[in-house]
Amino acid sequence: MNLQITHYNNHFKIKGVLNRQNVAVFQNEFKNIFDKFSSLTLSIEGLESIDTYGVNALAQLHNESITKQKNLSIIGLGCDDLYEHFKSEHAA
């Protein structure tokens, strides 16, 4: 399944596969997003799989939210790789 990003205001839903082939689509969609919204909710419930490039893209979005002092919530039962990445970030 390809990557699908839908949104209503500041609530975004990600469905499909986030990988090296389509990570540019994800990055383009969220480029300068914190200039538009002060808080962002990202649902990954429909995310079937994610590779290292996708995890890094989400991590970059997370880092941007911290840098710009904006709120980012990632919700939903998604892929274990993503949770492991953020879990290891907190342990460091």
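What counts, and at which threshold
- Residues numbered from 1 in each chain as written.
- Predicted model: local features only at pLDDT ≥ 70, side-chain atom pairs only at ≥ 80, totals over all residues.
- Heavy atoms only, no water.
- Core = buried A, V, L, I, M, F, W, Y, C linked by side-chain atoms within 4.5 Å.
- Buried < 20%, exposed > 50% of the residue type's maximum accessible area, 1.4 Å probe, protein only.
- Contact = heavy atoms within 4.5 Å.
- Salt bridge = Lys/Arg side-chain N within 4 Å of Asp/Glu carboxyl O.
- Helix = DSSP H or I, 4+ residues; strand = E, 2+ residues; numbered from the N terminus.
- Pairing = 2+ DSSP bridges.
- Right-handed = clockwise from strand over helix to strand, strands pointing away.

Caption draft 1: Representation of the nonpolar core. With 20 residues, the main nonpolar core has I14, L18, F26, F30, L40, L42 and L61 as its most contacted residues. When neighbours within four sequence positions are excluded, L61 is seen to be in contact with F26, F30, I33, F34, L40, L42 and L72.

Caption draft 2: Representation of the pattern of salt bridges in the model. Under the definition given, this model contains two salt bridges. Two residues, D35 and K68, come together in a salt bridge whose shortest N-O distance is 3.4 Å. Taken together, the residues D35 in the loop between α1 (23-29) and β3 (39-50) and K68 in the loop between α2 (52-67) and β4 (71-75) connect sequence positions 33 residues apart. Given a relative accessible area of 56%, D35 falls into the exposed group. Exposure remark for K68: the relative accessible area of 34% places this residue in the partly exposed category. The salt bridge involving K68 is made with E64; its shortest N-O contact spans 3.3 Å.

Caption draft 3: Up close: the side chain of S43. Examined against the element boundaries, S43 turns out to sit in strand β3. Residue classification places S43 among the buried residues on the basis of a relative accessible area of 11%. Residues in contact with S43, not counting those within four places in the same chain, are H11, F12, K13, I14 and I75.

Caption draft 4: Quick peek at the pairing of β4. Alignment of β3 against β4, held across five bridges, turns out to be parallel. By the bridge assignment, L42 is partnered in β4 with I74. Considered for its hand, the β-α-β crossover made up of β3, α2 and β4 is right-handed.

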